[in-house]
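Summary of structural features
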Amino acid sequence: MSNAARTPPSIPKIDRAPRVAIGAHADGRACVATPPVGSRPLGVPVAGGLLTGVSLALWLPGLAPLWLLLSSLAIGAPAWWRAWRGRWTGACLVGFALAGLHATHALSVQLPADWEKRDVEVRGRIVELPLHQPRRTAFALRVDRASDQPEALRGRLLRVSWYDERDGTGTGREQVQAGQRWQMTLRLRAPRGLRNPGGFDSEKHAFAGRVSAIGYVREPGKAHLERSGSGINAWRGAMSQRIADSVAPESARFLSAFALGDTRGLEDDDWHVLRSNGLSHLVAISGMHVGIVAGFFALAVAGFWWLIPGLGRRVPRPIAAAMGGLVGAMLYAAVAGFALPTVRTVLMVAVVAGMRIQRRRSTTLEVLALAMIAVLVVDPLSALTAGFWLSFFGVAWLVWCLPEVGRRPLHDLVSAQGVATIGLLPLTAVLFDQASLAGPLANLVAVPWWTLVVVPLSLMGTALELMHAGWGLWAWNAAAWCFQLSWPLFEAMAGSDLALWWLRESRWYALPLAPSGCCCRAACPDVRSRCCCGCPFCGRRATCRRPARWMSRYSMWGRGRRFWS
């Protein structure tokens, strides 16, 4: 046998990066170039540019002129569409224009000044779960668009309070439930609130929610119920009441929060324990819960395709699993009332499912960037909420610090909690003026136990109860028993010295300096150490630790003379 016959055929080297011919050399060979990463229309730089434009528009002391917003949109849209390295600048102009236009519309639908201190008779539908308190019931009312309704209030969202009499006499407010249609007389005013440093900004919250007016019921005896409750919110209210009637009171309010996103039953002491341990993000339905439900649906569909192989000829199993996960995420978001954290997670699941259907590979940061673009394009005012910044930047920080996970589950869990606590500390301090040193330890227990045991049992009970009344009682009781095993531990931790620390108001340069230590990774490429933030949990090999300590020291100085003062 000749040597030529023994030699295996050479495999041509394939370059996966797309190349575009731009000319030819003198010898006739084609001259090609790879499109720059920054030219991707929906990439990470574009998402950063869009967020920058939205933030600039919302940080202005007043509304930008309409001509400036329209000009920015007319210039930015073509610049975003054109394939060049400066696409992010076009996205920045588009974000500035969209945020300005949404802010203009949100202010234009607020109640005019001449309508205040006036009794108005309206007819509308209760669109959220009402909050029943000892002498007050608060609810959201969407006014009908009919021509017989006041012109300034047609189709508007109102925040209404229904009070008892001053002597404590009831006025019938207990019958208010979600999904009902009422006709009542209201006294309204434009949304206003206190601006105390570190306090809740109710005016900003109403502005981001497009609330047109707030007020209270006048002459409660004349309020008329036109139709009983219906829709998804009415079902949520009925299911929450069924949980309260079937489970012990000390656990029922938490199961309603886990399964339905109903936090009305949580008391001030409950919220204090949760905030002291950094567990508030786990109580109401969070993105993690939506992801778990989506994964369960995906595994169920994949298992069904495995049992019936012939289905793979019509629809491949990975595509069917992706579509099943998206359907599960949407169903769970509907159960939660389409709260903002669930909508963000549904968008991310939709992005992943779409890429699986198109058989495209993408990194986690690219999926996160695309989800951020979708959220900001649909609702730019969501950047006013703390959950937007914590969710997106929390995931981005975890991905950056822990690029390789999945090999050691326990180590990955500990690393994720440590990295998330250190990385989100600057944002938490700036947004809430507080920090919890017990948070990492509490999350190490609560994240796996609540997310993998309590929440699935709560959801299983809700699904079984939906099929037949009484079938879900055993699952709810099991979830309540598992929850009560961990709650005394968190109550003890909330009373320790590691609990909630209130911090001074941040200086303007505190937040930019906090993450600036990441820049030294590119500045000191020859020094091999742990992550530039000095985090011992981080799995990314980075750079010099000394500049990061210098940055962290001055970022803490931005909070006052001493970090613990």
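A few points on the structure.

Observations regarding the pairing of strand 8 (residues 211-218)
The side chains of a regular strand alternate between the sheet's two faces. Buried residues dominate strand 8, accounting for six of its eight residues. As defined by bridge partners, strand 6 (residues 157-163) adjoins strand 8 across five bridges and the pair is classed as parallel. Note that in strand 8 the partner of Val-160 across the bridge is Gly-215. Direction of pairing for strand 7 (residues 181-189) relative to strand 8: antiparallel, over a ladder of five bridges. Note that in strand 8 the partner of Leu-188 across the bridge is Gly-215.

Some details on the environment of Arg-218
Assignment of secondary structure puts Arg-218 in strand 8. Residues Arg-218 and Trp-162, spaced 56 residues apart in sequence, show a C-alpha to C-alpha distance of 8.4 Å.

Notes on helix 14 (residues 364-378)
For helix 14, spanning 15 residues, the distance from its first C-alpha to its last is 21 Å, which sits close to the expected 21 Å at 1.5 Å a residue. If you check which residues of helix 14 are buried, you get Val-367, Leu-368, Ala-369, Leu-370, Ala-371, Met-372, Ile-373, Val-375 and Leu-376.

Quick look at the packing of aromatic side chains
A full pass over the atoms with the stated rule returns 13 aromatic pairs. Seen from their ring centres, Phe-388 and Phe-392 are 5.0 Å apart, and the 55 degrees between their planes marks the pair as tilted. Placement of both Phe-388 and Phe-392 in helix 15 (residues 386-401) is noted, with a separation of four residues, approximately one turn of the helix. Comparing Phe-388 with Phe-392 shows no difference in burial state: the two are buried. Above the ring of Trp-84, the side-chain terminus of Arg-82 is found at 5.8 Å from the ring centroid. Its guanidinium or amino end placed over the ring of Trp-115, Arg-118 lies 4.6 Å from that ring's centre, counting from NZ or CZ.

What about the side chain of Arg-253?
As for its placement among the helices and strands, Arg-253 is situated in helix 7 (residues 249-260). Here Pro-249 takes part through its backbone oxygen, which lies 2.9 Å from a polar atom of the side chain of Arg-253. A polar contact is formed between the side chain of Arg-253 and the side chain of Asp-270, at a distance of 2.6 Å. With sequence-adjacent residues up to four places away left out, Arg-253 is seen in contact with Asp-262, Gly-265, Leu-266 and Asp-270.

Focus on the pairing of strand 7
Two strands pair when backbone bridges link them, and strand 3 (residues 119-126) and strand 7 are joined in this way by seven bridges, in the antiparallel orientation. Each residue of the ladder has a partner; that of Gly-124, found in strand 7, is Trp-182.

Considerations on the nonpolar core
Nonpolar side chains in soluble globular proteins tend to end up buried together. By size, the foremost hydrophobic cluster in this structure holds 42 residues, and its most contacted members are Leu-255, Phe-258, Leu-279, Trp-450, Val-454, Trp-487 and Phe-490. Per-element accounting of this core gives the leading share, nine residues, to helix 18 (residues 473-494). In contact with Trp-487, not counting residues within four places along its chain, are Phe-254, Asp-270, Val-273, Leu-274 and Trp-450. Judged by nonpolar contacts, the second largest core, of 34 residues, contains Val-54, Trp-80, Phe-96 and Ala-371.

Criteria and cut-off values
Residues numbered from 1 in each chain as written. Predicted model: local features only at pLDDT ≥ 70, side-chain atom pairs only at ≥ 80, totals over all residues. Heavy atoms only, no water. Buried < 20%, exposed > 50% of the residue type's maximum accessible area, 1.4 Å probe, protein only. Helix = DSSP H or I, 4+ residues; strand = E, 2+ residues; numbered from the N terminus. Pairing = 2+ DSSP bridges. Expected span 1.5 Å × (residues − 1). Phe/Tyr/Trp six-rings, centres within 6.5 Å; stacked < 30°, edge-to-face > 60°. Lys NZ or Arg CZ within 6 Å of the ring centre and 35° of its normal. Polar contact = N/O pair within 3.5 Å; in protein donor to acceptor, adjacent residues only side chain to side chain. Contact = heavy atoms within 4.5 Å. Core = buried A, V, L, I, M, F, W, Y, C linked by side-chain atoms within 4.5 Å.

Don't take any of this as a statement about function, it's just geometry.
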